[in-house]
Amino acid sequence: MQPLNRLPLHGLIVSCQAPVSSPLHDPSAIAAMAKAALNQGATAVRIDTPAHIQAVREQTDAPIIGLWKRQFPDSEVYITPQFSQAVELAQAGADWIAIDATNRPRPGNETLHALIAQIHQQLNKPVFADVDTLESANVAFDAGADLLATTLYGYTSETRHLTPPGYDLLEQLVQNFSCPMVCEGGISSPEMAQKALDLGAIAVVVGTDITGIDQKVKSYQQILSTAKSVRYPE
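Focus on the packing of helix H4 (residues 112–123) against helix H5 (residues 134–143)
And then number 1: Running from N to C, H4 and H5 cross one another at 40°; their axes reach a closest spacing of 9 Å. On the basis of their axis angle, the class for H4 and H5 is oblique. In the crossing of H4 with H5, the sense of the turn from one axis to the other is right-handed. Where H4 approaches H5, its residues Leu112, His113 and Ile116 are matched on the opposing element by Val139, Ala140, Asp142 and Ala143.
And then number 2: Looking at side-chain class alone, the contact of H4 with H5 contains five nonpolar, one polar and one charged residues.

Now the structure itself:
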């Protein structure tokens, strides 16, 4: 496998994604987002789907963390759930393969251990493991994950009562494992990002607060639409 120090992840990683219903869910738009983020100092980008990864790769040599959100009726796992998706991500130009690294059942009865082994052995790519709890992190680390991220904290049945960012989970990861840690989810200010680095993360992933135009506008509109109308003085 390619050594980690040849694919450095540190500082700010920007997640460049958009809802399928958005005009921004277009390879050229995602590539423009990624280029803008990298031009301003982001060290890497996190990109969903092979088509978007390919468009970004044509614009930059910066590290791309690739994932593919796919939903299956027999599993709650949707971030790169199977090896077949990982293959297409690698072919599109991803440097890292991000996966749901919880120990939940995967579609097609694939296993986490087998998935990580295949990504290493057949694709020669490091694994960016999205976890939700210390228990999940332990399984992912034992399976050979190269990096642990708090991405799924607050988004699984075990953690849905918790609100990202998962600073407490990050602290547990730093204390218990020797691999790099990334804080992802719920980061909405530079100060929050700095706190994650102070707690021991090598990088933070920021998505909605930077590139989530659809969600940000929707949030503003939900508040403003319930406010009293402001009238110009007569």
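Now, onward.
Structural notes on the pattern of salt bridges
And then number 1: By the definition in use, this model includes six salt bridges.
And then number 2: Across the pair arginine 46 and glutamate 184 runs a salt bridge whose closest N-O atoms are separated by 3.2 Å. Remark: glutamate 184 occurs in strand S7 (residues 181–184) and arginine 46 occurs in strand S2 (residues 44–48); sequence separation between them is 138 residues. By the burial criterion, arginine 46 is buried, and glutamate 184 matches it.
And then number 3: In this structure, arginine 57 and aspartate 95 form a salt bridge, with 2.6 Å as the shortest nitrogen-oxygen distance. Note that arginine 57 is positioned in helix H2 (residues 50–57) and aspartate 95 in the loop between helix H3 (83–92) and strand S4 (96–100), a separation of 38 residues in sequence.
And then number 4: On the basis of relative accessibility, which here comes to 14%, the residue aspartate 95 falls in the buried class.
And then number 5: Each member of the salt-bridge network shares a partner with another, and the members are Arg46, Asp130 and Glu184.

Scoring rules and cut-offs
- Residues numbered from 1 in each chain as written.
- Predicted model: local features only at pLDDT ≥ 70, side-chain atom pairs only at ≥ 80, totals over all residues.
- Heavy atoms only, no water.
- Axes fitted to C-alpha atoms, helices over the stretch in contact; angles between N-to-C directions.
- Helix = DSSP H or I, 4+ residues; strand = E, 2+ residues; numbered from the N terminus.
- Parallel < 35°, antiparallel > 145°, perpendicular 65-115°, else oblique.
- Left-handed = near helix turned anticlockwise from the far one by under 90°.
- Contact = heavy atoms within 4.5 Å.
- Nonpolar A, V, L, I, M, F, W, Y, C, P; charged D, E, K, R; others polar.
- Salt bridge = Lys/Arg side-chain N within 4 Å of Asp/Glu carboxyl O.
- Buried < 20%, exposed > 50% of the residue type's maximum accessible area, 1.4 Å probe, protein only.

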